[in-house]
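Listed below are the residues making up each chain.
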Amino acid sequence: MFEQMVPVAPERHRNKKVRNTAGFGFAAEFHIAYVTMHEFSRAAAIYPIVFLEDKPSGGYRSVVLMGLESGENLFIGKEGVWTASYIPAMIRRYPFALSKGEQEGRYVVCVDEGSALLSDTEGAPLFDEQGQPTQVIENVKRYLSELQQMDLMTLEFSKFLRDHNLLTPLSMRVNTSDQVKSITGCFVISEERMNELSDEVFKTLREKRYLPAMYAHLISLPQIERLVQLKKERSHAGV
């Protein structure tokens, strides 16, 4: 998704503007999107939520599946229109993101200079004539800061699932009319192991407020059938 990420700076982006567009064509080839646990309840009604191994950290990342194969987003329609009612925050934050700064615990706002949403002539300016950040930058900072906090909580949630051996590999086959596809490489919460947790651990789940996210994840899994149906519809339409 990101091509040329650089820190936002007045000396470099003083004359840059960001277009306000409803198009999401940049995400047309992304079949997964990271979501925080705070998004599970809304995402579960549309996308299957699964976990992927994050080998560098030794943990797991929660993502929504938006396609059945790499390079396929089944929720992008004509002219880049997102056809579902909920769009993951990771997608909505584009072309901005946070990156670790030089100082420990500090983050800087970055922008993708390769994005078509960044312009020299159209959109809302990033800086005013004096080189001071506009409301656009202030809104981006607030939004990314909130996401960062949610991300940290989600990492703790995933760590808890890992430490209590609650994740199990997902392996299933789906029929997409012209072929049978195998869905592998994902992990899901084992409902059986969850039901076998001790009263003490279950109490901890409740106290940490992890239960709503866990149930939302489990409820989301049948949405794989939605992906299959969308895939069939595209195949029949010759898309």
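Scroll up for the structure.
The text that follows walks through the structure, step by step, so that each part is easy to find. These figures come from a predicted structure and were not determined experimentally.

1. Focus: helix α7 (residues 211-220)
Okay, step 1: With respect to burial, α7 is a largely interior element, 7 of its 10 residues being buried.
Okay, step 2: Residues of α7 that are buried include every one of Leu211, Ala213, Met214, Ala216, His217, Leu218 and Ser220, and no others.

2. Quick look at the nonpolar core
Okay, step 1: Counting 54 residues, the largest nonpolar core has Tyr47, Phe51, Trp82, Phe157 and Met214 as the members making the most contacts within it.
Okay, step 2: Setting aside residues up to four positions removed in sequence, Tyr47 forms contacts with Val64, Leu65, Met66, Phe75, Trp82, Ala84, Tyr86, Ile87, Pro88, Ser220 and Gln223.
Okay, step 3: If you look at the next biggest cluster of nonpolar residues, it comprises 14 residues, including Val6, Val8, Ala89 and Val111.

3. Here's the deal with the packing of aromatic side chains
Okay, step 1: Summed over all chains, the structure comprises 10 aromatic pairs.
Okay, step 2: On the basis of an interplanar angle of 55° and a centroid distance of 6.4 Å, the ring pair of Phe51 and Phe157 is categorised as tilted. Separated by 106 residues along the polypeptide, Phe51 in strand β4 (residues 49-54) and Phe157 in helix α4 (residues 135-163) bring together distant segments of the chain. Residue Phe51 shares its accessibility class with Phe157, and that shared class is buried.
Okay, step 3: The rings of Phe40, Phe51, Phe157, Phe160 and Tyr210 are connected pair by pair, giving a single aromatic cluster.
Okay, step 4: The residue whose ring lies beneath Arg61 is Tyr34, and the NZ or CZ to ring-centre distance is 4.8 Å.

4. So, the sheet that holds strand β9 (residues 124-125)
Okay, step 1: Pairing is antiparallel across the open sheet formed by 3 strands, whose spatial order is β8-β2-β9. A strand with exactly one partner marks an edge of an open sheet, and here the two such strands are β8 (118-119) and β9.
Okay, step 2: In this structure, strand β2 (residues 17-18) lies alongside β9, joined through 2 bridges in antiparallel fashion. Among the inter-strand pairings, Lys17 is bridged to a residue of β9, identified as Pro125.

5. Here we look at the environment of Lys141
Okay, step 1: Inspection of the secondary structure puts Lys141 in helix α4.
Okay, step 2: Expressed as a C-alpha distance, the spacing of Lys141 and Gly59, which sit 82 residues apart in the sequence, is 27 Å.

6. Regarding the packing of helix α6 (residues 199-207) against α7
Okay, step 1: The N-to-C vectors of α6 and α7 enclose an angle of 95°; their axes lie 7 Å apart at closest approach. One finds that α6 runs roughly perpendicular with respect to α7. The segment α6 lies against α7, with Phe202, Leu205 and Arg206 engaging Leu211, Met214 and Tyr215.

7. Overview of the pattern of salt bridges
Okay, step 1: Following the criterion strictly, the structure yields 10 salt bridges and no others.
Okay, step 2: Between Arg19 and Glu122 there is a salt bridge whose closest N-O contact spans 3.4 Å. With Arg19 in the loop between β2 and β3 (32-34) and Glu122 in the loop between β8 and β9, this residue pair connects regions lying 103 residues apart in the sequence.
Okay, step 3: Assessed through its relative accessible area of 30%, Arg19 is described here as partly exposed.

Reading the values: rules and limits
Residues numbered from 1 in each chain as written. Predicted model: local features only at pLDDT ≥ 70, side-chain atom pairs only at ≥ 80, totals over all residues. Heavy atoms only, no water. Buried < 20%, exposed > 50% of the residue type's maximum accessible area, 1.4 Å probe, protein only. Helix = DSSP H or I, 4+ residues; strand = E, 2+ residues; numbered from the N terminus. Core = buried A, V, L, I, M, F, W, Y, C linked by side-chain atoms within 4.5 Å. Contact = heavy atoms within 4.5 Å. Phe/Tyr/Trp six-rings, centres within 6.5 Å; stacked < 30°, edge-to-face > 60°. Lys NZ or Arg CZ within 6 Å of the ring centre and 35° of its normal. Pairing = 2+ DSSP bridges. Axes fitted to C-alpha atoms, helices over the stretch in contact; angles between N-to-C directions. Parallel < 35°, antiparallel > 145°, perpendicular 65-115°, else oblique. Salt bridge = Lys/Arg side-chain N within 4 Å of Asp/Glu carboxyl O.

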